[in-house]
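# Examination of the molecular architecture
What follows is each chain in one-letter form.
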Amino acid sequence: GIMLTLVLGHCSYVWVENPMRRQLENKRFFHSAGILATTTSLLVALPAFAVWQQQGVAGRFSPAVELASAESENRNPRRDECHPSKGLDIPSCVFGGSQWKVIAAGDSHASALVSAIVAAQKNGDAGVVQWTYSGCAFVHGSKTISLGGSDYKCNEFIAWMEARLLTVPADIPIVIISRYAGAALGGNETKLLVDKPSVYFSKIHTHSTPEFLAEFAQHITQGACELAKERTVYMVRPIPEMGFDVPRTLSRRLALGVIEDLSIPIEAYEKRNAWVWAAQDAARDQCGIKILDPTPYLCHDGRCYGSKNGRPLYHDDDHLSEFGNKLLVPMFAEIFKAL
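A quick note: this is a predicted structure, and the numbers were derived from the prediction, not measured. Residue positions are given per chain, counting from 1 as you read along its sequence in written order. It should be noted that, the model being predicted, local features are given only for residues of pLDDT at least 70 and side-chain atom pairs only at 80 or more, the latter also being counted only at that level, while totals for whole chains, interfaces and linings use all residues. Here the side-chain values reflect all heavy atoms present in the structure, with hydrogen atoms and water set aside.

To count as a disulfide, a pair of cysteine sulfur atoms needs to be within 2.5 Å. With the rule as written, the count across this model stands at four disulfides. Note on cysteine connectivity: C136 is disulfide-linked to C154, with sulfurs 2.0 Å apart. Taking the sign of the S-S torsion, about 80° here, the bridge from C136 to C154 comes out right-handed. Of the two residues, C136 sits in the loop between β3 (127-132) and β4 (143-144) while C154 sits in helix α7 (residues 154-165), which places them 18 residues apart along the sequence. A 1.4 Å probe rolled over the protein chains alone gives each residue an accessible area, and that area as a share of the maximum for its type sets the label: buried under 20%, exposed over 50%, partly exposed in between. Classification of C154 as buried rests on a relative accessible area of 2%. Between the sulfur of C299 and that of C304 lies a disulfide, 2.1 Å long from S to S. Classification of the bridge connecting C299 and C304 rests on its S-S torsion, roughly 100°, and on that basis the disulfide is right-handed. The buried category is assigned to C299, whose relative accessible area is 8%. Sequence-ordered numbering of the bonded cysteines in the protein chain gives a disulfide pattern of 1-2, 3-4, 5-6, 7-8. Secondary structure is summarised from DSSP: a helix means a run of H or I of at least four residues, a strand means a run of E of at least two, and numbering begins at the N terminus for each.

Written out as structure tokens, the structure is:
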């Protein structure tokens, strides 16, 4: 290795450094500096561009690290097509069979679980309709506090769904899945909690006060009961939010030799979502809606897990991946037992 270094160094001196030095001596300073800067930039940029094009260097990390990192892309394959974030062009995508049998409604958490609902049926021929909108929890009477500009139509989307349901046969159940805590309390993706509601009802609140949470909970209950007058309503308990990017965190830990699944205390989940559970319980007691609880499948021994056997269950911090959502197939199977 030392001998090869000496040979290559001599070749570089003879065929690169000396010819370049002679050429630069005949040019003005700024011209020479420009050539050197351009050459140096290209030497850095071209390999970097090649790595970016290849999405990294294959084989740089172990298969376990690569698998954990790749989970960030393992999400609803039709998300861009079926999950709008602006406008009011609702595609009503159907998964499974062509005949409508179940409606999955809500925000991106609903979009992340559609394939699990489809997988829960025995024959695979029941059509699951996706009605979801980015950042738009399906709560009757809610109004968004400007999120995406004038083209963000969450309020109109909720009104559209409520009107559209009046035309859908009453024997088709609806499954409501939403990140209520995110809408009421703000995101928890960083260590510093936001505590800024993105919706309001009678008046805008700058913080998630007890008064606001009580009003929010009341609308969750009332909206579900209104729908339950005409059809079977399923409400999914909130999906645990990890508060950190699971694939990124897990892959970095695995690269450092830390082999341990990621989790949060179940107490943290309960504290953030207790008011949602109470609102759903009230809807169950008042009008017979059915509750689907994911926590037995995602939480145990006092922890809610973001990964299983070294593979992330989420594709980011709070959305289950296509791998993770399959843990909920037994939960969603309850829907098809009643069809």
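And the narrative resumes.
Below, the discussion takes up the packing of aromatic side chains. Planes of paired rings set the category: under 30 degrees apart is stacked, over 60 is edge-to-face and the rest tilted, where pairs are Phe, Tyr or Trp rings (Trp by its six-membered ring) whose centres lie within 6.5 Å. Applying the stated criterion across every chain yields a total of eleven aromatic pairs. With centroids separated by 6.4 Å and ring planes inclined at 35°, the aromatic side chains of F201 and F212 adopt a geometry described as tilted. Here the residue F201 occupies a position in the loop between β6 (199-200) and α9 (210-228), and F212 occupies one in helix α9, the gap between them amounting to eleven residues. Owing to a relative accessible area of 5%, F201 belongs among the buried residues under this scheme. Its relative accessible area of 0% is what places F212 among the buried residues. Cluster of aromatic residues (ring-pair linked, three or more members): W100, W131, Y133, Y152, F157 and W160. Directly above the ring of F95 sits R78, whose terminal nitrogen or CZ lies 4.5 Å from the centroid. Taking the ring centre of F323 as reference, the NZ or CZ of R311 above it sits at 4.1 Å. Only when the NZ of Lys or the CZ of Arg is both within 6 Å of the ring centre and within 35 degrees of the ring normal is a charge said to sit over the ring.

The backbone of S92 shows a phi angle near 50°, a positive value even though the residue is not glycine. Tracing the backbone through its elements, the reader meets S92 in the loop between α4 (79-82) and β1 (93-96). The class for S92 is buried, based on a relative accessible area of 16%. Phi angles above zero are rare outside glycine, and D301 is one such case at about 55°. With respect to the helices, strands and loops of the structure, D301 is situated in the loop between β10 (299-300) and β11 (303-305). Its relative accessible area of 71% is what places D301 among the exposed residues.

Take it as geometry only, folks, not as evidence of what the structure does.
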